[in-house]
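Residues per chain are reported as follows:
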Amino acid sequence: MKTWGHKWGFADTQFVINEDRSVTLTGDRYNLSGYKMPNFLPYIEEELGIKINSHDQQQEITEKSINPPTINKDFCQALANIFPSNQYTFEDRERLFHSHGQSAFKEIYKVLYSKLDRTVDMVFCCQSELDAKAIINLAIEHNICLVPFGGGTNVSCALKLPENEKRMVVSVDMRRMDKIEWIDPENLRACVQAGITGQQLEEQLRNDGFICGHEPDSLEFSTLGGWISTNASGMKKNRYGNIEQIVENITLITPTGTIEQIQPTPRSSMGIQIQNLLFGSEGNLGLITKAVIKINPFPEVKKYGSLVFPNFELGVKFLYNLAHNGFVPASIRLVDNNQFRFSQALKPKSTHIKAWIDKLKKIYVLNLRGFNPHQMVAATIVMEGSVQEVAYQQANIYALAKKYQGLVSGAENGHRGYMLTYAIAYMRDFLLKFYIIGETFETSVSWSQIHQLCHAVDQTLKEQHQKFNLPGKPYLSYRISQIYHTGVCLYFMFGFYSKGVEFPEVISTQIEHSLRQAIMANGGSISHHHGVGKSRQEFIKNTLSDDSIELIKQIKHANDPQNIFGIDNFSRDSKTI
Ligand SMILES: Cc1cc2nc3c(=O)[nH]c(=O)nc-3n(C[C@H](O)[C@H](O)[C@H](O)COP(=O)(O)OP(=O)(O)OC[C@H]3O[C@@H](n4cnc5c(N)ncnc54)[C@H](O)[C@@H]3O)c2cc1C
């Protein structure tokens, strides 16, 4: 690493500008990697109304900018008496890495170009349940604040330390707990340690012919414990479920004991289900050390597909009908026109014959079918299962799409659409260099309020852009990324050009706040899967009754009277809760 700050992802993968102003994603990890994208910069420039100068880049911090650690000597001595030195570190780079998630302007911008407000003082690597109990006991004895760390991929400022925390803060990194403890192949369940990443989990299960199927776009780095703590949602939830449907039992080590069900069961009417409190607990209650999850035989077939519709409204009508039918695929997403055009802009320059075929397709879609290139939208599809299941889904989905003027546009476009989501965080870091600040945010909303909510977000962004007198034009795109019986998950991306703007990270935060207000005023939820963290704490009071908030405070207090798990995402000391 040349610079001090930590970016997203693998070191071999980043977007770069070539001499001919095309853009390439380096490495060979994704199907977007390794080729020139001539239309990338022109698309961004047109959408934002700016000109990108490849030589005019923000300079990342190359020097340390991190507070010296607060040291509790007695605790450090006691720790050293129990654990070998390779299980903990005071190293600055590690402290920084463990002190933030992936929120664009509230965290990554600060890490790369400014300074995080506060960093953890030590990083401890938890290797077993015994370690978890021991570190908690030491923390109780010496009044230390512990912060569980999974993959650091949250986008809600869930790892941002509270400003008023005066104690020594220790990040408890769970990633060495990355084993599958057992597999029950007959009943299709497995007991898995909480620090395993999605990629490790799927690789290990695959060796035995199984799949978990929980596939968030952060799969490569996020962990099982993090998924439970944030109440995560994976793209293939239609087939495998969201995290709360996948997990059968959780083990949580807390300052007052061990929280778990004695044994997992397919379902149980046992009174209040303690486990439900842990989904979305966001590091406030203790350390999740393992979980029993459902597993599935590895699917016979995985097939991508895609459709284009003349406009977003027809696409939504199609999804509404699909959601209430029996052939819902593992995943289906509907992207708006901006995102559709962006995915087109990421294509390579066509070779001779391909260019000719593409031209013919374009003529058919635009001239013969009358699609408007500035209105048309696309749906991308993943189908998984047996040969028969997938064939049944494909035939019925495409037949239904026809009723809404949908045209089949091929597996390659579908695959490309899904790969694009893996590149988004790399894109964020690349664009940030050129003063373009972007962020993603999401919500869930009933079917009947989708259009009103999207319109409100669009209007609010335009107003905010004007209010802060920002250069160029604001960027907004959105997609429906999940469908439910009563509504959908809407996933937005917004961005603006910040060259010459003072404190862009502060303005972005205010804009994001206004956008959430608009979402909630138009029937949207506080979050569909990103969680609350510090980013959305203030909206809890619009989400839960006062008495519900009080009950949560009491549960927290009973479980952790000393507030050892003082990350304060949802705790008794929170300013707003
Ligand atoms: C590019 C990108 C794509 C994303 N795509 C998705 C997506 O498709 N779906 C989705 O749901 N989210 C997505 N996210 C958000 C993020 O990946 C999830 O919130 C994820 O669940 C966080 O897991 P983590 O292991 O990284 O947790 P962290 O970020 O390390 O921690 C998150 C919170 O959980 C707590 N925590 C972590 N591990 C434990 C543990 N073992 N015990 C107790 N508490 C713990 C932490 O203290 C913190 O409060 C995405 C993020 C990025 C950057």
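Note that the coordinates shown come from a computational prediction; the quantities given were computed from them, not determined experimentally.

Caption draft 1: Geometry of the site of the ligand. The local shell around the ligand holds 33 residues, among which Pro148, Thr153, Ser218, Thr223 and Ser233 are the closest. Here an oxygen atom of the ligand and a backbone polar atom of Gly151 are 2.9 Å apart. Asn569 has a polar side-chain atom sitting 3.4 Å from an oxygen atom of the ligand. Burial of the ligand by the protein chains amounts to 96% of its free accessible area of 970 Å². When contributions to the shell around the ligand are tallied by element, the ones reaching two or more residues are β6 (145-149), α7 (224-230) and β13 (287-294).

Caption draft 2: Seen up close, the sheet that holds strand β2 (residues 23-25). Ordered in space as β1-β2-β3, the 3 strands form an open sheet in which the pairing is antiparallel. Since the sheet does not close on itself, it has two edges, and those belong to β1 (15-17) and β3 (36-37), each with one partner. Here β2 runs beside β3; their pairing, made up of 2 bridges, is antiparallel. In the sheet register, Val23 faces β3, and the bridge partner there is Met37.

Caption draft 3: Inspection of the packing of helix α1 (residues 40-48) against helix α11 (residues 337-345) at higher detail. The interhelical angle for the contact between α1 and α11, taken along N-to-C directions, is 150 degrees, at an axis separation of 8 Å. Comparing the axis directions of α1 and α11 gives the class roughly antiparallel. The element α1 and its partner α11 pack so that their crossing is right-handed. Residues Phe40, Tyr43, Ile44 and Glu47 of α1 pack against Asn338, Arg341, Phe342 and Ala345 of α11.

Caption draft 4: Fine view of the side chain of Ser222. Position of Ser222 among the secondary structure elements: in the loop between β10 (210-211) and α7. There is a polar contact of 2.9 Å between the side chain of Ser222 and the side chain of Trp227. With sequence-adjacent residues up to four places away left out, Ser222 is seen in contact with Thr153, Ile196, Thr197, Gly198, Pro216 and Trp227.

Caption draft 5: Representation of the UniProt feature "domain: FAD-binding PCMH-type" (unreviewed entry) in the chain. Feature annotation in UniProt assigns "domain: FAD-binding PCMH-type" (unreviewed entry) to the following positions: residues 116-298. Spanning residues 116-298, this segment combines 21% helix with 26% strand, and its end C-alpha atoms are found 43 Å apart.

Caption draft 6: Focus on empty space enclosed by the protein. For the structure on display, the rule yields 4 cavities of 30 Å³ or more. Its boundaries defined by the atoms lining it, the second largest cavity holds a volume of some 210 Å³. Forming the walls of the second largest cavity are 21 residues, and the residues nearest its centre are Val335, Ser343, Thr380, Asn413 and Gly417. Looking at the lining of the second largest cavity, the elements that each hand over two or more residues are β15 (301-309), β16 (331-335), α11, β17 (377-385) and α14 (411-433). When residues in the lining of the second largest cavity are grouped by element, the largest group, 7 residues, is from α14.

Caption draft 7: Focus on the packing of helix α4 (residues 104-113) against helix α16 (residues 504-521). In contact at an axis separation of 9 Å, α4 and α16 are set at 165 degrees when each is read in the N-to-C sense. The orientation of α4 relative to α16 falls into the category roughly antiparallel. As α4 runs across α16, the sense of the crossing is right-handed. On the side of α4, the interface is formed by Phe105, Lys106, Tyr109 and Lys110, while α16 contributes Pro504, Glu505, Ser508, Thr509 and Glu512.

Caption draft 8: Spatial organisation of the sheet that holds strand β9 (residues 189-193). Spatial strand order, β8-β9-β13-β11-β12: 5 strands in an open sheet with antiparallel pairing. With one partner strand each, in any of the chains shown, β8 (180-184) and β12 (257-259) form the two edges of the open sheet. Strand after strand, the sheet turns through a mean of 10 degrees between neighbouring axes, direction not considered. Pairing of β9 with β13 involves 5 bridges; the strand directions are antiparallel. Bridge assignment links Gln193 to a residue of β13, and that residue is Lys290. On top of the sheet, helix α6 (residues 198-207) reaches β8, β9 and β13; it is set at about 45 degrees to β8, its chief contact.

How each quantity is defined
- Residues numbered from 1 in each chain as written.
- Predicted model: local features only at pLDDT ≥ 70, side-chain atom pairs only at ≥ 80, totals over all residues.
- Heavy atoms only, no water.
- Near = heavy atom within 4 Å.
- Polar contact = N/O pair within 3.5 Å; in protein donor to acceptor, adjacent residues only side chain to side chain.
- Areas by Shrake-Rupley, 256 points an atom, 1.4 Å probe, with all protein chains shown as cover.
- Helix = DSSP H or I, 4+ residues; strand = E, 2+ residues; numbered from the N terminus.
- Pairing = 2+ DSSP bridges.
- Axes fitted to C-alpha atoms, helices over the stretch in contact; angles between N-to-C directions.
- Parallel < 35°, antiparallel > 145°, perpendicular 65-115°, else oblique.
- Left-handed = near helix turned anticlockwise from the far one by under 90°.
- Contact = heavy atoms within 4.5 Å.
- UniProt positions renumbered as here; feature names shortened; annotations may be inferred.
- 1 Å grid on protein atoms, 1.4 Å probe; cavity = no way out; pocket = protein on both sides within 12 Å on 5 of 7 lines; lining within 4 Å.
- Points joined across faces, edges and corners; volume = space filled by probe spheres on them.

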